[in-house]
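This is what each chain is made of:
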Amino acid sequence: MNQRPVLRCCVTCRQLLDRQQLWRVIRDHQEGVVLDAGMGRSAYLCPNEVCLEEALRRKRLQKALRCQVPNSVVEVLQKRLNHSFDSAAEAK
């Protein structure tokens, strides 16, 4: 069966990518702002340093989710970014 990829837009760079390549930040009606799992208003972000810094600087996640994004969520995103850089460095 021919499966087409589901495309989503990064809130920072506006690039269309397959949603599996992007980080998903969700405003859940019960748990607040969570990552990757749940139902609610979603914002997608490229997993690179430039997009993350720009999203934080221009408050793109807050605008897309229409709420404040807690520092704990931002810290988890930064840890993911650092972990992906460490994995890439080990592969070389």
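Small disclaimer: the values here were computed from a predicted structure and weren't measured.

(A) Seen up close, helix H1 (residues 49–57). Looking at H1, one finds that the buried residues are Cys-51, Leu-52 and Ala-55. Angularly, the buried residues of H1 cover 100° about the axis, an arc narrow enough to put them on a single face. Pointing more than 90 degrees away from the buried face of H1 are the exposed residues Val-50 and Arg-57. Looking at the residues trailing H1, positive phi occurs at Lys-59, about 55°.

(B) Highlighting unusual backbone geometry. Even without being a glycine, Arg-14 presents a positive backbone phi close to 65°. Take Arg-14: it is sitting in the loop between strand S1 (7–9) and strand S2 (16–18). Assessed through its relative accessible area of 55%, Arg-14 is described here as exposed.

(C) Spotlight on the sheet that holds strand S5 (residues 41–45). If you trace the three strands from one edge of the open sheet to the other, you get S4-S3-S5, paired in antiparallel fashion. Of all strands in the sheet, those bounded by a partner on one side alone are strand S4 (32–35) and S5. Here the strands of the sheet are splayed against their neighbours by 25° on average, with no regard to which way each runs. Relative to S5, strand S3 (residues 23–28) is paired through five bridges, and the arrangement is antiparallel. Directly across from Val-25, in S5, lies its bridge partner Ala-43.

(D) Layout of the nonpolar core. Ranked by size, the top nonpolar core spans 22 residues in total, and within it Val-25, Leu-45, Leu-61, Val-69, Val-73 and Leu-77 carry the most contacts. Those elements that provide at least two residues to this core are S3, S4, S5, H1, helix H2 (60–65) and helix H3 (71–91). Sort the elements by how many residues they give to this core and H3 lands first, with four residues. Sequence-distant contacts of Val-69, defined by excluding residues within four places in its chain, comprise Val-33, Leu-61, Gln-62 and Val-74.

(E) Region of the structure containing the pattern of salt bridges. Using the criterion set out here, one finds three salt bridges in the structure. Asp-36 is the salt-bridge partner of Arg-80, the closest N and O atoms lying 2.4 Å from each other. Of the two residues, Arg-80 is situated in helix H3 and Asp-36 in the loop between S4 and S5; the sequence distance between them amounts to 44 residues. The partner of Arg-57 in a salt bridge is Glu-54, with the nearest N and O atoms 3.0 Å apart. With Arg-57 and Glu-54 both in helix H1, this residue pair falls three residues apart, about one helical turn. On the basis of relative accessible area, Arg-57 is assigned to the exposed category, the value being 57%. For Glu-54, a relative accessible area of 22% gives the class partly exposed.

Calculation rules
Residues numbered from 1 in each chain as written. Predicted model: local features only at pLDDT ≥ 70, side-chain atom pairs only at ≥ 80, totals over all residues. Heavy atoms only, no water. Buried < 20%, exposed > 50% of the residue type's maximum accessible area, 1.4 Å probe, protein only. Helix = DSSP H or I, 4+ residues; strand = E, 2+ residues; numbered from the N terminus. Arc of directions from axis to C-beta. Pairing = 2+ DSSP bridges. Axes fitted to C-alpha atoms, helices over the stretch in contact; angles between N-to-C directions. Core = buried A, V, L, I, M, F, W, Y, C linked by side-chain atoms within 4.5 Å. Contact = heavy atoms within 4.5 Å. Salt bridge = Lys/Arg side-chain N within 4 Å of Asp/Glu carboxyl O.

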